Amino acid sequence: MPFQSEVNYNWPAGFPGRWASENPRRIVIPGPNGFRAGSGGLTIARFAWVQNDGVTLLNTAPTATAGSGAAATAVLSSATVYTVSALAVNAGGTGYAVGDTETFLGGTATIASIGASGVVTGVTIATATAQSTDPTATGVATTSSGSGTGLTLNVTATASQESSGGVASITVSDGGTGYSAAPIVSLTGGGGTGATAVAVVSSGVVTAINVVSAGTGYTSAPTVVITAQTVPSGAPQGFVYADQQGLTTAYLQEATMMIPQGFMAQLAEGGDVFATSSNPALIGQSVFASTTDGSISTGTAGATIAGFIETAWKVSQGNAAGSPIIITGPVAAA
């Protein structure tokens, strides 16, 4: 065998969840009952949150109601309409009888009194139909249900606002407090359907609610219901590291990255650990934790990654997506 003349040297691949160096480390100090994996188990090499009981660890972030106290009212869209409010005889015509019905633009009238030869001396409003244009006029022609002819009327109409069946706007009467995410807005009642709206939040206060769809068929203003969303309550307390060589709970069980429910677990909040990222990791990037499963993504500090929350950890050795990387958390107390 020839004498070895070359040495191939590479960093060891590392195993996610294991410590990556002998540098200083920092462990999350549990309470007197320690930490235990919660319902469904706890995945190693992912971030975890301490739940409200101070003992249970889960790879999902606990949630909190994001805000309260906002209130608003809906305003229906409307149009100006004109309804006949008074009638007077302009020309009495001839041949009319009391009780005849006379039709004119804007409604119908009933002959109330007549003179000689069936000349109309008085009328009353029988029906008045709202009009989009003002029917107020003098000498308005009529069509009779009887045999009379020649009657004209002086018509007076009154303007009013009538709902057109849709939601025109929503007025915020109280912006509430603590809204870290826009609340969900729903509109109920009012006899119609299809109205939708979205809330606008600034500095934790609902500042406006914008109508997206006006809907149809509303005869009265619907009730505006503002429902605060539940959002992750903060960054994870630490990284689930492997503090045991193996854990088997059944005969011939294969190794997994799952700590079963109820078993003890530990969290690292500082030091160097092996991990994997769902995207390519570069040295110096910030580490983000998924709020639904604790998995890792990396990105620029301060970036917004949907479904992830930024942690205090940084990438100290990068690699391709899914390949082992080293992430480093602060070892000094916050």
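Figured I'd write up the structure that's included with this text. For clarity, every value in this text was computed on a predicted model and none was experimentally measured. (Residues numbered from 1 in each chain as written. Predicted model: local features only at pLDDT ≥ 70, side-chain atom pairs only at ≥ 80, totals over all residues. Heavy atoms only, no water.)

So, on to the side chain of Glu 102. If you trace the backbone, Glu 102 turns up in strand E8 (residues 101–104). Engagement of the side chain of Glu 102 in a polar contact is seen with the side chain of Ser 144, the distance being 2.8 Å. Residues within four places of Glu 102 in sequence aside, it is in contact with Tyr 96, Gly 107, Thr 108, Ala 109, Ile 111, Thr 142, Thr 143, Ser 144, Ser 145 and Leu 151. (Helix = DSSP H or I, 4+ residues; strand = E, 2+ residues; numbered from the N terminus. Polar contact = N/O pair within 3.5 Å; in protein donor to acceptor, adjacent residues only side chain to side chain. Contact = heavy atoms within 4.5 Å.)

Take the nonpolar core next. Leu 42, Phe 47, Phe 239, Trp 313 and Ile 327 are the most contacted members of the largest nonpolar core, which totals 31 residues. Contributing elements (two or more residues each) for this core: strand E2 (35–37), strand E4 (47–50), strand E19 (238–240), strand E22 (267–276), strand E23 (286–290), strand E25 (308–317) and strand E26 (324–329). Counting residues in hydrophobic clusters, the runner-up holds 17 residues, among them Val 167, Tyr 179, Leu 187 and Ile 226. (Core = buried A, V, L, I, M, F, W, Y, C linked by side-chain atoms within 4.5 Å. Buried < 20%, exposed > 50% of the residue type's maximum accessible area, 1.4 Å probe, protein only.)

Glancing now at the sheet that holds E8. Taken in spatial order, the 4 strands line up as E10-E9-E8-E12 in an open sheet, and their pairing is antiparallel. Sheet topology places strand E10 (120–128) and strand E12 (143–144) at the edges, where each strand pairs with a single neighbour. (Pairing = 2+ DSSP bridges.)

Time to look at the environment of Ala 109. Position of Ala 109 among the secondary structure elements: in strand E9 (residues 107–114). A relative accessible area of 0% means that Ala 109 is categorised as buried. Along the primary structure Ala 109 and Thr 142 are separated by 33 residues, whereas in three dimensions their C-alpha atoms are 9.2 Å apart.

Two elements, E22 and E26, share 6 bridges in a ladder whose sense is antiparallel. Across the sheet, the residue bridging to Thr 276 is Pro 324, located in E26.

Under the counting rule described, the total for this entry stands at 4 aromatic pairs. Look at Trp 19 and Tyr 241: their rings are 5.1 Å apart centre to centre, the planes differ by 50 degrees, and that puts the pair in the tilted class. Pair noted here: Trp 19 is in the segment before strand E1 (26–27) and Tyr 241 is in the loop between E19 and strand E20 (258–259), with a separation of 222 residues, a long-range link. Side by side, Trp 19 and Tyr 241 carry an identical accessibility label, which is buried. Between the aromatic rings of Phe 47 and Trp 313, the centroid separation amounts to 5.9 Å while the plane-to-plane angle is 75 degrees, which identifies the pairing as edge-to-face. Of this pair, Phe 47 sits in strand E4 while Trp 313 sits in strand E25, and the two are 266 residues apart along the sequence. The pair formed by Phe 47 and Trp 313 is uniform in burial state, with each residue classed as buried. An aromatic cluster of at least three residues, connected via ring pairs, comprises Phe 47, Phe 239 and Trp 313. (Phe/Tyr/Trp six-rings, centres within 6.5 Å; stacked < 30°, edge-to-face > 60°.)

The full count for this structure, using the stated rule, is 3 salt bridges. With its nearest N and O atoms 3.9 Å apart, the salt bridge here joins Glu 22 to Arg 25. Overall, the relative accessible area of 74% leaves Glu 22 in the exposed class. Its salt-bridge partner being Arg 26, residue Glu 269 comes within 2.9 Å of it at the nearest N-O pair. Placement of the pair is Glu 269 in strand E22 and Arg 26 in strand E1, with a sequence separation of 243 residues. The class of Glu 269 is partly exposed, set by a relative accessible area of 26%. (Salt bridge = Lys/Arg side-chain N within 4 Å of Asp/Glu carboxyl O.)

This part covers the environment of Gly 284. If you trace the backbone, Gly 284 turns up in the loop between E22 and E23. Its relative accessible area of 51% is what places Gly 284 among the exposed residues. Note: C-alpha distance between Gly 284 and Ile 327 (43 residues apart in sequence) is 9.4 Å. Apart from the residues lying within four places of it in its own chain, the contact partners of Gly 284 are Lys 314 and Val 315.

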